[in-house]
Amino acid sequence: WRAALALDHTAAGAHFALGWVYRGLGDPERELRSFDLAYELDPTRNACWYRRAQALERLGRLEEARASYEKAAELEEPAWIAGWSRALLASYVAIDGDHERALGMSQDTWESGLSAGFFLRIYLLHGFGVVAGLTGDEAPLVEARQLVDEYFTAPGDAGARDLTKAYERYSGLLLQLGAHRGRLQPPPPITDEGRRILLAHCIDVAQDGIELGQDSAWLWGNLGQASYFAGDAETAVMALTREDELD
């Protein structure tokens, strides 16, 4: 991408791609600079607002990151950017201590119709998981699971309504939060009880997905990792062995 920019330094797409490279290299300063240049050269490249927010988080500039998410949340296109940004803003509100407002924002985002499809849509539930992790209350996870089941079993396009794939992504989201990973940097200050219930729900979702009859390496992997973090070494070894066989 540097070679491409040497030929044309005004190529917004090359700056954007270079931002991704710097992200992979763990260089958030250059990552941020690349996304800012991409947007400066092409103000229609709305994804820059979301990507720069992530870079700002990694730099510890959280207020600026939040402001960038707020800008991204107002955008109409691409819809997944607005959806994910609203979901992460709800998580910021939860970390501030306003759990009811965070759940309301998460519910509104889910109902907005943004980010259709199993891959994009599942991350709209991020705020539910953060509230559960912060409070140790599993009620938000019960509500989120109900939303997943209702949406992905409703009539519609088969690619967007695949419950097994939804469980792959949803168990992965719970695993990220329960293992203190995830899209927010630094991760939310999850409590010990919150971690326990996140991992327990991850295990339940993964097992339910496996019982649907499709041998998914992704589900076995999530089951294995969650079991490991939950202290169940026997199940972890069994599940990760099965993941390896399927991979």
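Just so you know, these numbers come straight off a predicted model, no measurement behind them.

Thresholds applied
- Residues numbered from 1 in each chain as written.
- Predicted model: local features only at pLDDT ≥ 70, side-chain atom pairs only at ≥ 80, totals over all residues.
- Heavy atoms only, no water.
- Helix = DSSP H or I, 4+ residues; strand = E, 2+ residues; numbered from the N terminus.
- Buried < 20%, exposed > 50% of the residue type's maximum accessible area, 1.4 Å probe, protein only.
- Contact = heavy atoms within 4.5 Å.
- Areas by Shrake-Rupley, 256 points an atom, 1.4 Å probe, with all protein chains shown as cover.
- Axes fitted to C-alpha atoms, helices over the stretch in contact; angles between N-to-C directions.
- Parallel < 35°, antiparallel > 145°, perpendicular 65-115°, else oblique.
- Left-handed = near helix turned anticlockwise from the far one by under 90°.
- Nonpolar A, V, L, I, M, F, W, Y, C, P; charged D, E, K, R; others polar.
- Core = buried A, V, L, I, M, F, W, Y, C linked by side-chain atoms within 4.5 Å.
- Phe/Tyr/Trp six-rings, centres within 6.5 Å; stacked < 30°, edge-to-face > 60°.
- Lys NZ or Arg CZ within 6 Å of the ring centre and 35° of its normal.
- Polar contact = N/O pair within 3.5 Å; in protein donor to acceptor, adjacent residues only side chain to side chain.
- Salt bridge = Lys/Arg side-chain N within 4 Å of Asp/Glu carboxyl O.
- Expected span 1.5 Å × (residues − 1).
- Arc of directions from axis to C-beta.

1. A short note on the overall build of the protein chain
When its secondary structure is counted, the protein chain shows 14 helices and zero strands. Reading the helices (α) and strands (β) of the protein chain from amino to carboxyl end gives α-α-α-α-α-α-α-α-α-α-α-α-α-α. Within the protein chain, buried positions represent 50% of all 247 residues. Residue pairs at least 24 apart in sequence account for 57% of intrachain contacts in the protein chain once pairs closer than 6 positions are excluded. Just so you have it, the protein chain exposes about 11,400 Å², and 51% of that area is on carbon and sulfur atoms.

2. With respect to the packing of helix α5 (residues 62-73) against helix α6 (residues 79-96)
Contact geometry for α5 and α6: axes closest at 8 Å, N-to-C directions at 140°. For the element pair α5 / α6, the angle class is oblique. Crossing of α5 over α6 shows left-handed handedness. Every residue of α6 that contacts α5 at Leu-62, Ala-65, Arg-66, Tyr-69, Glu-70, Ala-72 and Ala-73 is listed here: Ile-81, Ala-82, Ser-85, Arg-86, Leu-88, Leu-89, Tyr-92, Val-93 and Asp-96. Residues belonging to the contact of α5 with α6 are distributed by class as follows: eleven nonpolar, one polar and four charged.

3. So, the nonpolar core
Core analysis: the largest hydrophobic core is formed by 63 residues, its most contacted members being Ile-122, Leu-125, Val-148, Phe-152 and Tyr-170. In this structure, Val-148 is in contact with Trp-110, Ile-122, Leu-125, Leu-163, Ala-166, Tyr-167 and Tyr-170, ignoring residues within four places of it in sequence.

4. Here we look at the environment of Leu-223
Within the element layout of this structure, Leu-223 appears in helix α13 (residues 217-229). What makes Leu-223 buried here is its relative accessible area of 3%. As a C-alpha pair, Leu-223 and Glu-243 span 20 residues in sequence and 9.4 Å in three-dimensional space. Residue contacts for Leu-223: discarding those within four places in its chain leaves Ile-203, Ala-206, Gln-207, Ile-210, Thr-235 and Ala-239.

5. Some remarks on the packing of α6 against helix α9 (residues 126-135)
Where α6 contacts α9, the two axes come as close as 8 Å, and the packing angle between them is 20°. Judged by the inter-axis angle, α6 sits roughly parallel to α9. Considering only the axes of α6 and α9, their crossing is right-handed. On the side of α6, the interface is formed by Ala-87, Leu-88, Ser-91, Ala-94 and Ile-95, while α9 contributes His-126, Gly-127, Val-130, Val-131 and Leu-134. Within the contact of α6 with α9, the residues separate by chemical class into seven nonpolar, three polar and no charged.

6. Points about the packing of aromatic side chains
Each aromatic ring pair is specified by the distance between its two centres and by the angle formed by the two planes. As enumerated under the stated definition, the model contains eleven aromatic pairs in all. For the ring pair Tyr-151 and Phe-152, a centre distance of 4.8 Å and an interplane angle of 80° mean the geometry is edge-to-face. Residues Tyr-151 and Phe-152 agree in their burial class; the two are buried. An aromatic cluster of three or more residues is present, and its members are Tyr-50, Tyr-69, Trp-80, Trp-84, Tyr-92 and Tyr-123. The ring of Tyr-151 has Arg-121 sitting right over it, with the charged end atom 4.3 Å from the ring centre.

7. Brief notes about the side chain of Arg-52
Note on placement: Arg-52 falls in helix α4 (residues 47-58). Polar side-chain contacts of Arg-52 include one of 2.7 Å to the side chain of Asp-36. Setting aside chain neighbours within four positions, we find Arg-52 in contact with Leu-32, Phe-35, Asp-36 and Ser-68.

8. Concerning the pattern of salt bridges
The final tally for this structure, using the stated rule, is eleven salt bridges. What you see here is one network of salt bridges that share partners, running through Arg-145, Asp-149 and Asp-208.

9. A closer look at helix α10 (residues 139-153)
With 15 residues, α10 should cover 21 Å at 1.5 Å per step; its first-to-last C-alpha distance of 21 Å lies within 8% of that length. Of the residues making up α10, those classed as buried are Pro-140, Leu-141, Ala-144, Arg-145, Leu-147, Val-148, Tyr-151 and Phe-152. Around the axis of α10, the buried residues are gathered within 155° of arc, so they sit on the same side.

10. Thoughts on helix α11 (residues 163-178)
Over its 16 residues, α11 runs 22 Å from end to end, which matches the ideal 22 Å to within 8%, given 1.5 Å per residue. Among the residues of α11, the N-terminal cap falls to Asp-162, whose side-chain oxygen and the backbone nitrogen of Thr-164 are separated by 3.0 Å. Within two residues after α11, His-180 carries a phi angle of roughly 60°, on the positive side.

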